[in-house]
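Structural characterization, general
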Amino acid sequence: DEFRQSDFLPFASGISAGASSVMVSHNIVTCMDSNLPASLSPEVHRILREELSFDGVIMSDDLNMQAITQFTGGNDAAVQAILAGNDIILCGTSFERSAAAIVTAVENGTISQAQIDASVLRILHLKEQLNLNIRVE
């Protein structure tokens, strides 16, 4: 309750003001998910989408940071981040490996095509809002 009454306020205000994207960090926020960093937590993303009604783009912090390696269980952090609910993943040094892991996860059904499509639409809407010469019909 205390977290929701204080720490949520900047996020709620930003969302109300029309924030088009949110970056989730690798911090563990125990009152939301005591086991996973926010960037890999489906619960943190659920709270953003459902409780805070955020419909913009959610992006991870850099997935190559040592802060999350202990939480991936040997799996690719990019796949876990997408499954958690990130639309954009940031990975400074392992882009090709992460992209290949995501493609494989979509092909084998771990990540649904519908989830990828929803993320792509949010990203295209963001590009349109930023006047990046993208038209979304």
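Here the structure is shown first, and the text comes after it.
First, a word on what this report is: a plain description of the structure on this page. (Residues numbered from 1 in each chain as written. Predicted model: local features only at pLDDT ≥ 70, side-chain atom pairs only at ≥ 80, totals over all residues. Heavy atoms only, no water.)

Section: the sheet that holds strand S1 (residues 21-24)
Taken in spatial order, the three strands make up an open sheet running S1-S2-S3, and their pairing is parallel. Unpaired on one side and paired on the other, S1 and strand S3 (88-90) mark the two borders of the sheet. Along the sheet, successive strands turn relative to each other by an average axial angle of 20°, direction set aside. Where strand S2 (residues 57-62) and S3 come together, two bridges link them in parallel fashion. In the strand pairing of S3, Asp-62 is matched with Leu-90. (Pairing = 2+ DSSP bridges. Helix = DSSP H or I, 4+ residues; strand = E, 2+ residues; numbered from the N terminus. Axes fitted to C-alpha atoms, helices over the stretch in contact; angles between N-to-C directions.)

As for helix H3 (residues 42-51)
When H3 is considered as a whole, its buried residues turn out to be Val-44, His-45, Ile-47 and Leu-48. Down the axis, H3 shows its buried residues gathered within 155° of arc, on one side only. Lining the buried residues of H3 we find helix H1 (2-6), helix H2 (8-16), S1, S2 and helix H4 (77-84). After H3 finishes, the residue Ser-53 shows a positive phi value of roughly 55°. (Buried < 20%, exposed > 50% of the residue type's maximum accessible area, 1.4 Å probe, protein only. Arc of directions from axis to C-beta. Contact = heavy atoms within 4.5 Å.)

Focus on the pattern of salt bridges
In total, this model carries seven salt bridges according to the counting rule given. Note that Glu-43 is salt-bridged to Arg-46, the shortest N-O span being 2.8 Å. Within this pair, Glu-43 and its partner Arg-46 are both found in helix H3, separated by three residues, close to a single helical turn. Accessibility expressed as a relative area gives 29% for Glu-43, which makes it partly exposed. Residues Arg-97 and Asp-76 are paired through a salt bridge, measuring 3.6 Å at the closest nitrogen-oxygen approach. In this pair, Arg-97 is assigned in helix H5 (residues 95-107) and Asp-76 in the loop between S2 and H4, connecting sequence segments 21 residues apart. (Salt bridge = Lys/Arg side-chain N within 4 Å of Asp/Glu carboxyl O.)

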